[in-house]
Amino acid sequence: MTVTHNVAQQRYELQVDHGLAIAAYRQQGDARVFTHTEVPPEDEGKGIGARIVKAALEDTRKQGFRIVPACSFVVAYVRRHPEFDDSKR
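First, a word on scope: everything that follows refers to the structure included in this document. (Residues numbered from 1 in each chain as written. Predicted model: local features only at pLDDT ≥ 70, side-chain atom pairs only at ≥ 80, totals over all residues. Heavy atoms only, no water.)

Describing the pairing of strand E4 (residues 31–38)
Alright, step 1. In this structure, strand E3 (residues 19–28) lies alongside E4, joined through seven bridges in antiparallel fashion. Directly across from Tyr25, in E4, lies its bridge partner Phe34.
Alright, step 2. Joining the antiparallel neighbours E3 and E4 is a turn of two residues, in which Gly29 adopts a positive phi near 60°.
Alright, step 3. By the bridge criterion, four bridges tie E4 to strand E5 (residues 66–69) in an arrangement that is parallel. Along E5, the bridge assignment pairs Val33 with Val68. (Pairing = 2+ DSSP bridges. Helix = DSSP H or I, 4+ residues; strand = E, 2+ residues; numbered from the N terminus.)

Next comes the structure, spelled out in structure tokens:
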């Protein structure tokens, strides 16, 4: 399972057993504002949300953009992984 970046839809995607998991964002200047994370209900609790968010945040950094968590899942993820906290940059 590979996370892909769908630039046209401004989201990261991961095909899972029961559909598509996504981490959506809105590009704002030098930042990506992560607005929504979704995993098919049948696939929840398997670490898929964390996997797609981690890949999305790593790719965002690699591309030189700041991370702005606006979705509650991404906020919680960044809280647990302060290396992705750009609020102090």
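Notes on the packing of helix H1 (residues 48–62) against helix H2 (residues 72–80)
Alright, step 1. The interhelical angle for the contact between H1 and H2, taken along N-to-C directions, is 75°, at an axis separation of 11 Å. Considering the angle they form, H1 stands roughly perpendicular to H2. Of the residues in H2, those in contact with Gly49, Ala50, Val53, Lys54 and Leu57 of H1 are Phe73, Val74, Tyr77 and Val78.
Alright, step 2. Residue composition of the contact of H1 with H2, grouped by class: seven nonpolar, one polar and one charged. (Axes fitted to C-alpha atoms, helices over the stretch in contact; angles between N-to-C directions. Parallel < 35°, antiparallel > 145°, perpendicular 65-115°, else oblique. Contact = heavy atoms within 4.5 Å. Nonpolar A, V, L, I, M, F, W, Y, C, P; charged D, E, K, R; others polar.)

Focus: the environment of Thr4
Alright, step 1. Relative to the helices and strands, Thr4 is located in strand E1 (residues 4–6).
Alright, step 2. Separated by 18 residues in the primary sequence, Thr4 and Ile22 place their C-alpha atoms 9.6 Å from one another.
Alright, step 3. Those residues within four positions of Thr4 in sequence are excluded, and the remaining contacts are Arg11, Tyr12 and Glu13.

Structural notes on H1
Alright, step 1. With 15 residues, H1 extends 21 Å between its outermost C-alpha atoms, agreeing within 8% with the 21 Å of an ideal straight helix rising 1.5 Å per residue.
Alright, step 2. Residues of H1 that are buried in the fold lie against E1, strand E2 (11–16), E3, E4, E5 and H2.
Alright, step 3. Directly beyond the C-terminal end of H1, a positive phi value near 85° is found at Gly64. (Expected span 1.5 Å × (residues − 1).)

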